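Summary of the model geometry
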Amino acid sequence: MRLYLSSMGVGDHPARLVEVLGADATVGVVLNAVDDRPDTETDMAWEVERDELEHLGLRPERLDLRSDTDVERLRTIDALWVRGGNTFVLRAAMARSGADDIITGRILDSSLAYAGYSAGAAVLCTDLGLIAEIDDPRAAGPDPLMTGLGILDRPLIPHVGTTAFDEGRLCTALHERLTSDGVAHHALRDGDALATTAGALLPIPRRR
């Protein structure tokens, strides 16, 4: 597998992101975690993600999981960059389109490099029950999926230690409770990232 999972945006390890995705790779940018927000906000999100990836020498291509043509593109594209937002909104978009099966299969056979942050990383967990303490499942509709893609063996909690916004405070409280209860989980502070190294998903050491 080839994974790069961060708490917020590219994080503090852009060179490692490029290494995972591949220099000059064509990267599908998935923004469906913000499908519940106005189109103007989604368009602004695309501009931000596109500019950041282009700055790293990558070739971003917007993919909307509500488009059959874009979903088919998942079968051949080099890599994915999956933006944060609401994990359950993202999961619903993946399920409705069948993108979840395509993405999971290609991650597991290492034909697709997958990178994402916040919801884009958390959706890879097996059980999204804990994420419901952070993101509102009702944003995805009356019967939200509570299972993720099953790539990660434990929950991933982003924004740990961030107190500037409500989501960060909820993430921090959840991390502290899981730690107290001895529940294994990936805890990421903004700037942190996990990446596959020699087949294992490991934290990238922080700069000293």
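Our structure is the block above this text.
Report on the accompanying structure. Once a new chain begins, its residue numbering starts again from 1 and follows that chain's sequence as written. Given that this is a predicted model, residues contribute local features only at a pLDDT of at least 70 and side-chain atom pairs are listed and counted only at 80 or more, while totals for whole chains, interfaces and linings are drawn from all residues. Hydrogens are left out, water is left out, and the side-chain values use all remaining heavy atoms of the structure.

The next thing to look at is the overall build of the protein. Secondary structure is summarised from DSSP: a helix means a run of H or I of at least four residues, a strand means a run of E of at least two, and numbering begins at the N terminus for each. In terms of helices and strands, the protein carries 7 helices and 9 strands. Computed over its C-alpha atoms, the radius of gyration of the protein comes to 16 Å, within 12% of the 17 Å expected for a compact globule of 208 residues. Across its three principal axes, the protein shows a C-alpha extent of roughly 45 × 45 × 30 Å. Contacts are assigned to residue pairs with any non-hydrogen atoms lying within 4.5 Å of each other. Contacts spanning at least 24 positions in sequence make up 75% of the contacts within the protein whose residues lie at least 6 apart. A positive count includes Lys and Arg, and a negative count includes Asp and Glu. His and the chain ends are not counted in either. The atom standing in for a charge is NZ when the residue is Lys, CZ when it is Arg, CG when it is Asp and CD when it is Glu. Charge centroids of the protein, computed over 21 positive and 34 negative side chains, lie 4 Å from each other. For this measure, only C-alpha atoms enter the radius of gyration; the expected value for a globule follows 2.2 Å times N^0.38, where N is the number of residues.

Before going further, it helps to examine empty space enclosed by the protein. Cavities and pockets are found on a 1 Å grid laid over the protein atoms alone: a cavity is a set of points where a 1.4 Å probe fits but cannot escape, a pocket is an open set with protein on both sides within 12 Å along at least five of seven lines, and a lining residue has an atom within 4 Å of such a point. Grid points are joined across faces, edges and corners, and a volume is the space filled by probe spheres set on the points. A full pass over the atoms with the stated rule returns 2 cavities of 30 Å³ or more. Of the voids in this model, the largest cavity is the one considered here, and its volume is about 50 Å³. Around the largest cavity, the lining residues are Gly85, Thr87, Ser118, Ala119, Ala122, Ile131, Ile134, Asp135, Leu156, Pro158 and Glu167. Side-chain classes follow a simple rule in which Ala, Val, Leu, Ile, Met, Phe, Trp, Tyr, Cys and Pro form the nonpolar group, Asp, Glu, Lys and Arg form the charged group, and the remainder, Gly included, forms the polar group. Partitioning the lining of the largest cavity into residue classes produces 6 nonpolar, 3 polar and 2 charged. When its volume is computed, the second largest cavity comes out at roughly 40 Å³. Taken together, Leu31, Asn32, Asp35, Thr42, Arg62, Leu63, Asp64 and Arg66 form the lining of the second largest cavity. Across the lining of the second largest cavity, the residue classes tally to 2 nonpolar, 2 polar and 4 charged.

This paragraph deals with helix α4 (residues 87-97). Accessibility here uses a 1.4 Å probe with only protein chains present; expressed as a share of the type maximum, an area under 20% marks a residue as buried, one over 50% as exposed, and anything in between as partly exposed. By the criterion of burial, α4 is predominantly enclosed, with 8 of the 11 residues buried. Residues Thr87, Phe88, Val89, Leu90, Arg91, Ala92, Ala93 and Met94 constitute the buried set of α4. Of the surrounding secondary structure, the elements contacted by the buried residues of α4 are β2 (26-30), β4 (79-82), α5 (99-108), β5 (113-117) and α6 (119-122). Pairs of N or O atoms are called polar contacts if they sit within 3.5 Å, as long as, within protein, a hydrogen donor faces a hydrogen acceptor (for residues adjacent in sequence, only side-chain-to-side-chain pairs). For α4, the side-chain oxygen to backbone nitrogen distance between the N-cap and phenylalanine 88 is 2.8 Å, and the N-cap itself is asparagine 86.

Right, let's talk about the state of the cysteines for a bit. What makes a disulfide is a covalent bond joining the sulfur atoms belonging to two cysteines. Put simply, a disulfide is two cysteine sulfurs that come within 2.5 Å. This model, assessed by the stated rule, comprises 0 disulfides. The thiol sulfur of cysteine 125 is not disulfide-bonded, and the nearest other cysteine sulfur, from cysteine 171, lies at 12 Å. Of the residues examined, cysteine 125 reaches a relative accessible area of 1% and is grouped as buried.

A few words now on helix α2 (residues 39-55). Multiplying 1.5 Å by the helix residue count minus one yields the expected span of that helix. Taking 1.5 Å per residue as the helical rise, α2 with its 17 residues ought to reach 24 Å, and the 24 Å between its terminal C-alpha atoms agrees with that figure. Taken together, the buried positions of α2 are Thr42, Ala45, Trp46, Glu49 and Leu53. The buried residues of α2 occupy an angular sector of 105° when projected down its axis, which confines them to one face. What points out from α2, more than 90 degrees from its buried face, is the exposed set Thr40, Met44, Val48 and His55. Contacts from the buried residues of α2 go to α1 (14-21), β2, β3 (59-63), β4 and β5. The directions considered for the arc are those from the helix axis to the C-beta atoms.

Within the element layout of this structure, valine 18 appears in helix α1. The exposure class of valine 18 is buried, given its relative accessible area of 16%. Separated by 14 residues in sequence, valine 18 and tyrosine 4 have C-alpha atoms that sit 9.4 Å apart. Leave out the neighbours within four places in its chain, and valine 18 touches Ala23, Leu56 and Leu58.

A word on the pairing of strand β8 (residues 193-197). Within a regular strand, side chains alternate between the sheet's two faces. Of all the 5 residues making up β8, 4 are buried; the element is thus mostly covered by neighbouring parts of the structure. Sheet topology note: the strand β1 (residues 2-6)/β8 ladder contains 3 bridges and is antiparallel. Note that in β8 the partner of leucine 5 across the bridge is leucine 194. Whether two strands pair depends on DSSP finding at least two bridges between them. Summarising the sheet, β8 and strand β9 (residues 200-203) pair through 4 bridges and their orientation is antiparallel. Looking across to β9, one finds that leucine 194 is bridged to proline 203.

Pairing is mixed in the open sheet, where 7 strands are placed in the order β3-β2-β4-β5-β1-β8-β9. Sheet topology places β3 and β9 at the edges, where each strand pairs with a single neighbour. In this sheet, adjacent strand axes meet at a mean angle of 20° when their direction is disregarded. Looking at chain direction, β2 and β3 are connected through 5 bridges and run parallel. The residue bridging valine 27 from the neighbouring strand is proline 60, located in β3. Fitted lines through C-alpha atoms serve as axes, helices being fitted only where they are in contact, and the angles separating the N-to-C directions of these axes extend from 0 to 180 degrees. Packed onto the sheet, α2 meets β2, β3, β4 and β5 and runs at close to 160° relative to β3.

The quantities given are spatial measurements derived from coordinates; they are silent on function.
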